[in-house]
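Chain by chain, the residues run as shown.
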Amino acid sequence: MAIHENLLGGPPPTHLPDDPEPRELLAGGAAPSDVAAKYPTSSLAWAQLADDAFDQGRVVESYAYARTGYHRGLDSLRRAGWKGHGPVPFEHEPNRGFLRALHALARAAQTIGEQDEYERCSTFLRDSSPTAADTLT
């Protein structure tokens, strides 16, 4: 039996392809807005913009950045074979941008009182990656 064999019969985990350039630029201190402009499909850059805006009290901007990162991530997941459900492991680093954007969207939605969106995103995050749901607080 393979170590990662799915015994429950659900879809296999989705692992996004690595895109190291945005991650390396952000780690090196590049402005997230510059990274998002250069790599607009990077959920990680949009998630960082969402986190920065939220930390500065700009919740509506955070919501908009997070929604962009979330939708860019959905596009990437679909290109990677994801069928709308199934695991998106946080342990796989390229998945983290999408998961961070999803978390940021839930957080901003809750803050502005959009309870249905908060619950939907929170459930989606937990269903995709319990580790992400527990880690991203």
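No experiment lies behind these values; they were computed from the predicted model shown. (Residues numbered from 1 in each chain as written. Predicted model: local features only at pLDDT ≥ 70, side-chain atom pairs only at ≥ 80, totals over all residues. Heavy atoms only, no water.)

Caption draft 1: How the structure looks around the overall build of the protein. Along the protein, the regular secondary structure elements total seven helices and zero strands. The linear arrangement of helices and strands in the protein, starting from the amino end, is α-α-α-α-α-α-α. On C-alpha atoms alone, the protein measures out to a radius of gyration of 15 Å, which is about the 14 Å that the 2.2 N^0.38 rule sets for 137 residues. The dimensions of the protein, computed from C-alpha atoms along their principal axes, are 50 × 35 × 25 Å. When the 137 residues of the protein are sorted by exposure, 42% land in the buried category. The long-range fraction of contacts in the protein, counting pairs at least 24 apart against all pairs at least 6 apart in sequence, stands at 62%. If you sum the accessible surface of the protein, you get close to 7,600 Å²; carbon and sulfur atoms cover 53% of it. Measuring between centres, the 13 positive side-chain charges of the protein sit 4 Å from its 19 negative side-chain charges. (Helix = DSSP H or I, 4+ residues; strand = E, 2+ residues; numbered from the N terminus. Rg over C-alpha atoms; globule rule 2.2 N^0.38 Å. Buried < 20%, exposed > 50% of the residue type's maximum accessible area, 1.4 Å probe, protein only. Contact = heavy atoms within 4.5 Å. Areas by Shrake-Rupley, 256 points an atom, 1.4 Å probe, with all protein chains shown as cover. Lys, Arg positive; Asp, Glu negative; His and termini not counted. Charge placed at Lys NZ, Arg CZ, Asp CG, Glu CD.)

Caption draft 2: Layout of the environment of Leu44. For Leu44, the position within the fold is in helix H3 (residues 43-55). What makes Leu44 buried here is its relative accessible area of 17%. For the pair Leu44 and Pro22, spaced 22 residues apart in the sequence, the C-alpha separation amounts to 7.4 Å.

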